[in-house]
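# Observations on the three-dimensional arrangement
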Amino acid sequence: MPIRRKTGSRTGGPKELLNADLQRKICNLIAKGNWLETSAELNGIPLSTVHDWIRRGRRENQAEHKNPDETKYLRFWRAVRRAAAQADMEDWENIRRAA
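Every value quoted in this text rests on a predicted model; they were computed, and no experiment measured them.

### A word on the overall build of the chain
Scanning the chain for helices and strands turns up four helices and zero strands. Secondary structure elements of the chain, listed N to C terminal, follow the sequence α-α-α-α. For the chain, the residues scored as buried account for 22% of the 99 residues in total. For the chain, contacts bridging at least 24 residues in sequence account for 42% of all contacts bridging at least 6.

### A look at the nonpolar core
Core analysis: the biggest nonpolar cluster contains 18 residues, and Val50, Trp53, Ile54, Phe76 and Val80 have the highest contact counts within it. The greatest single-element share of this core, amounting to seven residues, is contributed by helix H4 (residues 72-98). The residues touching Ile54, leaving out its near neighbours within four places in the chain, are Leu36, Phe76, Trp77 and Val80.

### Re the pattern of salt bridges
Side-chain pairing between opposite charges can occur once the charged atoms of the two side chains come close. In the structure shown here, the tally under the stated rule is two salt bridges. Asp21 is the salt-bridge partner of Arg24, the closest N and O atoms lying 2.3 Å from each other. One end of the pair is Arg24 and the other is Asp21, both in helix H1 (residues 20-31) and three residues apart, which spans about a single turn. The exposure class assigned to Arg24 is partly exposed, which follows from its relative accessible area of 44%. For the salt bridge of Asp21 with Lys25, the shortest nitrogen-to-oxygen distance reads 3.3 Å. In this pair, Asp21 and Lys25 both sit in helix H1, four residues apart, roughly one turn of the helix. Look at Asp21 and you get partly exposed, because its relative accessible area is 34%. On the accessibility criterion, Lys25 (37% relative accessible area) is partly exposed. Overlapping salt bridges bring together Asp21, Arg24 and Lys25 as one network.

### A closer look at the packing of aromatic side chains
Per the counting criterion, the structure on display carries one aromatic pair. Note on Trp53 and Phe76: the rings are 5.5 Å apart at their centroids and 90 degrees apart in plane angle, and the pair reads as edge-to-face. Taken as a pair, Trp53 in helix H3 (residues 47-62) and Phe76 in helix H4 lie far apart in primary sequence, 23 residues in all. The same class applies to Trp53 and to Phe76, which are both buried. One cation-aromatic arrangement involves Arg56 over Tyr73; the distance from NZ or CZ to the ring centre is 3.8 Å.

What counts and what doesn't
Residues numbered from 1 in each chain as written. Predicted model: local features only at pLDDT ≥ 70, side-chain atom pairs only at ≥ 80, totals over all residues. Heavy atoms only, no water. Helix = DSSP H or I, 4+ residues; strand = E, 2+ residues; numbered from the N terminus. Buried < 20%, exposed > 50% of the residue type's maximum accessible area, 1.4 Å probe, protein only. Contact = heavy atoms within 4.5 Å. Core = buried A, V, L, I, M, F, W, Y, C linked by side-chain atoms within 4.5 Å. Salt bridge = Lys/Arg side-chain N within 4 Å of Asp/Glu carboxyl O. Phe/Tyr/Trp six-rings, centres within 6.5 Å; stacked < 30°, edge-to-face > 60°. Lys NZ or Arg CZ within 6 Å of the ring centre and 35° of its normal.

In structure tokens form, the structure reads like this:
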């Protein structure tokens, strides 16, 4: 007899991980100069999952008929890009100060 493994929530679907609090935590770490992989690992999320969220957000951003209500994946993709840009800006400011 095969062993059944419990996956996801009580309704049988996958457990939903991405929420505003997790997005904030990951993006704060990225903005401080951490790699995406480090930011995911420190929050207990597999890097492959974070990459999936980013891919979904990018696809939604490129969609011809965008939904007026942003999805959490599109918000996540935009927040990660913004956090990475902030980290880059701070890196350049530190280089200018040191020069």
